[in-house]
Amino acid sequence: MPEVHLQLQWPDGQVSTLYSPSTVVLEYLRPGDELSVADLERAAMQALHEASERVRARYGFACTRTDEEERKLRQRLAAYAADARVRVSDPAL
């Protein structure tokens with residue numbers, strides 16, 4: 001499965017990378033998107049869940065790395081107001 005790495009630029013200017021084991025994440029988050037923290041949480045959690053399930057369907061087990069990505073993302077999301085804005089980009093840009 002092709003992996004996807006997206007760069008997230010947070011309201012305070014910090015940058016982090018979101019990993020997905022599947023391109024399904026691009027159905028929810030695309031480079032160039034700017035979302036509220038609340039919308040990012042909904043979209044990213046759904047995308048990571050679907051990505052993990054695609055791994056399960058293909059290999060017979062869920063992707064445990066998506067659990068870690070969810071944990072790290074929730075921790076970072078908690079630091080910002082729900083209406084604060086986050087920009088999504090391709091890490092190569």
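Now for a quick tour of the structure. (Residues numbered from 1 in each chain as written. Predicted model: local features only at pLDDT ≥ 70, side-chain atom pairs only at ≥ 80, totals over all residues. Heavy atoms only, no water.)

**Brief notes about the pairing of strand β1 (residues 4-9)**
Pairing of β1 with strand β2 (residues 15-20) involves 6 bridges; the strand directions are antiparallel. Its bridge partner being in β2, H5 is matched across the sheet by Y19. The turn linking β1 back onto β2 is made up of 5 residues, and G13 within it adopts a positive phi angle of 95°. (Pairing = 2+ DSSP bridges. Helix = DSSP H or I, 4+ residues; strand = E, 2+ residues; numbered from the N terminus.)

**Observations regarding the sheet that holds strand β3 (residues 34-36)**
With antiparallel pairing, 4 strands are arranged side by side in an open sheet as β2-β1-β4-β3. Both edges of this open sheet fall to β2 and β3, since each of them pairs with a single strand only. Direction aside, neighbouring strands of the sheet carry axes that sit 30° apart on average. Sheet topology note: the β1/strand β4 (residues 85-89) ladder contains 3 bridges and is antiparallel. Opposite L8, over in β4, you have V88 as the bridge partner. Its contacts with the sheet place helix α1 (residues 37-59) against β1, β2, β3 and β4, and it is angled at close to 105° to β3. Sitting on the sheet, helix α2 (residues 64-77) is in contact with β1 and β2, with an inclination near 150° to β2. (Axes fitted to C-alpha atoms, helices over the stretch in contact; angles between N-to-C directions. Contact = heavy atoms within 4.5 Å.)

**Observations regarding α1**
Along its 23 residues, α1 runs 32 Å from first to last C-alpha, staying within 8% of the 33 Å computed at 1.5 Å per residue. When α1 is considered as a whole, its buried residues turn out to be V37, L40, A43, A44, M45, A47, L48, A51, S52 and V55. Summarising the contacts, the buried residues of α1 are in contact with β1, β2, β3, α2 and β4. G60, located one to two residues past α1, shows a positive phi value of around 90°. (Expected span 1.5 Å × (residues − 1). Buried < 20%, exposed > 50% of the residue type's maximum accessible area, 1.4 Å probe, protein only.)

**Considering the pattern of salt bridges**
Within this structure, the stated rule accounts for 9 salt bridges. Residues R74 and E41 are paired through a salt bridge, measuring 2.9 Å at the closest nitrogen-oxygen approach. Here E41 lies in helix α1 and R74 lies in helix α2, a separation of 33 residues in the sequence. E41 sits in the partly exposed class, given a relative accessible area of 29%. The residue R56 makes a salt bridge to E53 at a minimum N-O spacing of 3.1 Å. You can see R56 and its partner E53 sitting in helix α1, 3 residues apart, about one turn around the helix. According to the relative accessible area criterion, E53 is partly exposed, its value standing at 32%. One network of salt bridges, in which partners are shared, links E34, R85 and R87. (Salt bridge = Lys/Arg side-chain N within 4 Å of Asp/Glu carboxyl O.)

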